Amino acid sequence: MTEILPYIDNLDKKGYVKIGGFFSPEECDFIYKKHETSLINTLNPLIPGNENNGKNFKLGNEFYGKKENCWEIFKINLEEKDVVKFVDRLTIFNLGVYKSSQLVIRKKFIDNVLPCHVDNLFNKDVTYYNCGIYLNDTCENDKVYFVEGSHTIATTEYTFDEAKINKTYISAKKGDLIIHNSYTWHGSDNSDKEGRTTLYIKFQK
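Predicted model, so just to flag it, every value in this text is computed and none were measured. (Residues numbered from 1 in each chain as written. Predicted model: local features only at pLDDT ≥ 70, side-chain atom pairs only at ≥ 80, totals over all residues. Heavy atoms only, no water.)

Asker: Just checking my understanding: could you explain the environment of Q204 for this structure?
Answerer: In this structure, Q204 sits in strand β12 (residues 196-204). A relative accessible area of 22% places Q204 in the partly exposed class. In this structure, the C-alpha to C-alpha distance between Q204 and V97, residues 107 residues apart in sequence, is 5.2 Å. Residues within four places of Q204 in sequence aside, it is in contact with L95, G96, V97, K99, V126, T127 and Y128. Within polar-contact distance, the side chain of Q204 engages the side chain of K99 at 3.5 Å. (Helix = DSSP H or I, 4+ residues; strand = E, 2+ residues; numbered from the N terminus. Buried < 20%, exposed > 50% of the residue type's maximum accessible area, 1.4 Å probe, protein only. Contact = heavy atoms within 4.5 Å. Polar contact = N/O pair within 3.5 Å; in protein donor to acceptor, adjacent residues only side chain to side chain.)

As structure tokens, then:
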């Protein structure tokens, strides 16, 4: 238990934490293969219900990117029974009550960024923790960044002085776990056009 405490302390202090190799490649392959058909179907815009896939990524009330040069985000909602093994492993971090889980595929076209944002836009009285389990390796130009300590301000309006904030860039490999507070500002300056697949499990305190 003591070896977990530094990670929890970092999460409380910085608003995010990375634990390398928390899940095995076999566990990542299991969850991916279990939902591989759904993933393939989700990427097919001809299937009813997928009409919005491949369109501009909407964040809050703003659209980022143009139709020919934008982020594509595909999501599959999972039930708790699908990820119970992962949820059980995450309970050691004392993140609260399990709320939801999604498989998320992010793809992009060249020269686009994911602007700095927070995940909790609508409920300022609730704190979520998003646990991202990477199901494939990310390349060096596909790093996510976090604004260290920004969760303590609990604002949904970006008012930071770019010259003073501390952006920390993190790359991840298959099986790595990144947990962040829903009020921690984060984004990505660039991305691998091949995209990345992540299992997100959300807890609420």
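Having put the structure on the table, let's press on.
Asker: Would you take a moment to explain the nonpolar core for this structure?
Answerer: Residues F93, I179, L199 and I201 are the most contacted members of the largest nonpolar core, which totals 31 residues. If sequence neighbours within four positions are ignored, L199 has contacts with I31, L78, V83, F86, Q102, L103, C131, G132, I133 and L135. Ranked by size, the runner-up nonpolar core spans seven residues in total, among them Y16, Y134, F146 and I178. (Core = buried A, V, L, I, M, F, W, Y, C linked by side-chain atoms within 4.5 Å.)

Asker: I tried to follow the pattern of salt bridges on my own but got confused; where do I start?
Answerer: As enumerated under the stated definition, the model contains seven salt bridges in all. For K174, the salt bridge identified is with D29, shortest N-O distance 2.6 Å. A residue pair is termed long-range when its members are at least 10 positions apart, and K174 in the loop between β9 (167-170) and β10 (177-181) and D29 in helix α2 (residues 25-34) qualify at 145 residues. The class of K174 is partly exposed, set by a relative accessible area of 29%. (Salt bridge = Lys/Arg side-chain N within 4 Å of Asp/Glu carboxyl O.)

Asker: Would you explain the sheet that holds strand β11 (residues 186-188) in this entry?
Answerer: Taken in spatial order, the four strands of this open sheet run β6-β11-β8-β9, and their pairing is antiparallel. Pairing within the sheet leaves two strands with one partner each, and these edge strands are β6 (114-117) and β9. Along the sheet, successive strands turn relative to each other by an average axial angle of 20 degrees, direction set aside. In this structure, β6 lies alongside β11, joined through two bridges in antiparallel fashion. Its bridge partner lying in β11, L114 is registered against S188. (Pairing = 2+ DSSP bridges. Axes fitted to C-alpha atoms, helices over the stretch in contact; angles between N-to-C directions.)

Asker: Would you mind showing me how to read the environment of K34 here?
Answerer: Turning to its location among the elements, K34 is positioned in helix α2. Of the residues examined, K34 reaches a relative accessible area of 43% and is grouped as partly exposed. Among all residues touching K34, those that are not within four sequence positions of it are K81 and D82.

Asker: Whenever I open this one, the packing of aromatic side chains confuses me. Can you help?
Answerer: Given two aromatic rings, their pairing is described by the distance between the two centres and the angle made by the two planes. Under the definition given, this model contains six aromatic pairs. Seen from their ring centres, F22 and F23 are 5.0 Å apart, and the 80 degrees between their planes marks the pair as edge-to-face. For the ring pair F23 and F86, a centre distance of 5.0 Å and an interplane angle of 45 degrees mean the geometry is tilted. Separated by 63 residues along the polypeptide, F23 in the loop between β1 (16-19) and α2 and F86 in helix α4 (residues 84-90) bring together distant segments of the chain. Three or more aromatic residues link up through ring pairs in this structure, and these residues are F22, F23, F86 and F93. It is R89 that lies over the ring of F22; its NZ or CZ is 4.9 Å from the centre. (Phe/Tyr/Trp six-rings, centres within 6.5 Å; stacked < 30°, edge-to-face > 60°. Lys NZ or Arg CZ within 6 Å of the ring centre and 35° of its normal.)

Asker: Explanation requested: the confidence of the model for the protein in the structure shown.
Answerer: Detailed reading of the predicted model is not advised wherever pLDDT is low. Taken as a whole, the protein shows an average pLDDT of 77; of its residues, 68% reach a score of 70 or greater. Across residues 50-69, where pLDDT falls below 50, the model places 38 contacts with residues more than four positions away in sequence or in other chains. (pLDDT = per-residue confidence, 0-100.)

Asker: Looking at this structure, I do not really get unusual backbone geometry. What am I missing?
Answerer: Most of the time, phi is negative for any residue but glycine, and the peptide bond is trans. A positive phi angle, near 55 degrees, is found at N94, a position not held by glycine. If you trace the backbone, N94 turns up in the loop between α4 and β5 (97-108).

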